[in-house]
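Structure at a glance
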Amino acid sequence: MQLFSRSSLLPRLSPAAPRLRARPATLLPPSTSARSFSCTAAPSSWLLPKTGCEKGGKSKKGRPRVHTGGSTRGTTVVWGDYGLRLKDHHRRLSALQLKNGEDTIKKVLRGMRFRLFMRVSANIPVYTKGNESRMGTGKGSMDYWSCRVPVSRIIFELKGEIHEKVARQAFRLAGNKMPGTYEFVKKGDPPMMGLVKLTPDVVEKLRTSKAPFALKKYLPVPPPPPVEPEAVPPLAI
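Only a predicted model underlies this, so the values are computations on that prediction, with no experimental measurement involved.

Conventions and cut-offs
Residues numbered from 1 in each chain as written. Predicted model: local features only at pLDDT ≥ 70, side-chain atom pairs only at ≥ 80, totals over all residues. Heavy atoms only, no water. Helix = DSSP H or I, 4+ residues; strand = E, 2+ residues; numbered from the N terminus. Buried < 20%, exposed > 50% of the residue type's maximum accessible area, 1.4 Å probe, protein only. Contact = heavy atoms within 4.5 Å. Areas by Shrake-Rupley, 256 points an atom, 1.4 Å probe, with all protein chains shown as cover. Pairing = 2+ DSSP bridges. Axes fitted to C-alpha atoms, helices over the stretch in contact; angles between N-to-C directions. Salt bridge = Lys/Arg side-chain N within 4 Å of Asp/Glu carboxyl O.

This paragraph deals with the overall build of the protein. The helix and strand inventory of the protein stands at 4 helices and 9 strands. In sequence order, the protein lays out its α and β elements as α-β-β-α-β-β-β-β-α-β-β-β-α. Considering the protein as a whole, with its 237 residues, one finds that 22% of them fall into the buried category. Considering only contacts in the protein between residues 6 or more positions apart, those separated by 24 or more positions represent 77%. Here the protein has roughly 19,500 Å² of accessible surface; of this, 57% comes from carbon and sulfur atoms.

What follows covers the sheet that holds strand E1 (residues 82–86). Read from one edge of the open sheet, 4 strands run E3-E6-E1-E7, paired in antiparallel fashion. This sheet does not close on itself; its edge strands, each paired only once, are strand E3 (114–118) and strand E7 (182–186). Strand-to-strand twist in this sheet, taken as the mean axis angle between neighbours without regard to direction, amounts to 20 degrees. As paired elements, E3 and strand E6 (residues 154–160) share 5 bridges and run antiparallel to each other. Across the sheet, Phe 117 pairs through a bridge with Glu 157, a residue of E6. Its contacts with the sheet put helix H2 (residues 95–108) on E3 and E6, and the angle it makes with E3 is roughly 170 degrees.

A word on unusual backbone geometry. Glycine aside, residues mostly have negative phi, and peptide bonds are mostly found in the trans state. A positive phi angle, close to 55 degrees, is found at Glu 132, a residue other than glycine. Here Glu 132 is to be found in the loop between strand E4 (124–128) and strand E5 (141–149). Although it is not a glycine, Ser 152 adopts a positive phi angle of roughly 65 degrees. The topology assignment puts Ser 152 in the loop between E5 and E6.

Right, let's talk about the sheet that holds E4 for a bit. Consider a sheet: its strands pair through backbone hydrogen bonds, and that pairing is either parallel or antiparallel. Pairing within the open sheet is antiparallel, and its 3 strands lie in the order E2-E5-E4. Edge positions in the sheet fall to strand E2 (91–94) and E4, since each of these pairs with one other strand and no more. Neighbouring strand axes in the sheet, compared pairwise and without regard to direction, differ in orientation by 50 degrees on average. Pairing between E4 and E5: 5 bridges, direction antiparallel. Paired with Tyr 127 across the bridge in E5 is Met 142. The strands that H2 touches are E2 and E5; relative to E2, the one it contacts most, it runs at about 70 degrees.

Let us now look at the pattern of salt bridges. Overall, the coordinates contain 7 salt bridges when judged by the stated rule. When the shortest N-O distance is used, the salt bridge between Glu 183 and Arg 85 registers 2.9 Å. Taken together, the residues span a long stretch of sequence, with Glu 183 in strand E7 and Arg 85 in strand E1 at a distance of 98 residues. Under the relative-accessibility criterion, Glu 183 is labelled buried at 19%. By relative accessible area, which is 2% here, Arg 85 ends up buried. Among the ionic pairs, Arg 91 bridges to Asp 88, the shortest N-O distance being 2.9 Å. Here Arg 91 falls in the partly exposed class, since its relative accessible area comes to 23%. A single salt-bridge network, built from bridges that share partners, covers Glu 164, Arg 168 and Lys 186.

Printed below as a string of structure tokens:
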């Protein structure tokens, strides 16, 4: 009688032919960072922190932008019905100051149906050093987050079933909690170019006064006027 073990009944596989198992097909989610070849940098979100300089690894202090080319970006209400706009001078606002203004608005409008939008983001790190420290000890440690706000930039926007006087009161108290002077604006107000409010009459005045100078380098040079020869009086005999 021949005995068979359990292992002898199983099929033998040669080491040269490994056993292949079918893997279930998995669908990978589309990658947001994958894009076709391009020479330009990938667009990044303005809410993300800055990456810093290339060599040192820490962001520089910098200064707010001063729009000198006629830009009106960020000076009008876009998403809401009312807004709070910086009025006096460009400055740097910390994340704590923005949070104090936001908490003040929410405290005044407690129990009402509204939506608050913040048009700036504190994505710039600020580094500080101790007092009376010697030179060459480094830039210092990161202290807080801040944002650079140019003049006439909208800080907060408000939308909802809120009366205009209540929104004015909320924005007035929020402006008192933050450094600087602010003004209340509504949707549809004219944009700002620096400290100039671009009303229709101001735009027409700028167009008529600045057009010849702005278009001077693009217009062809007119030919000089012809010079008429002077009449020579006859000689007296």
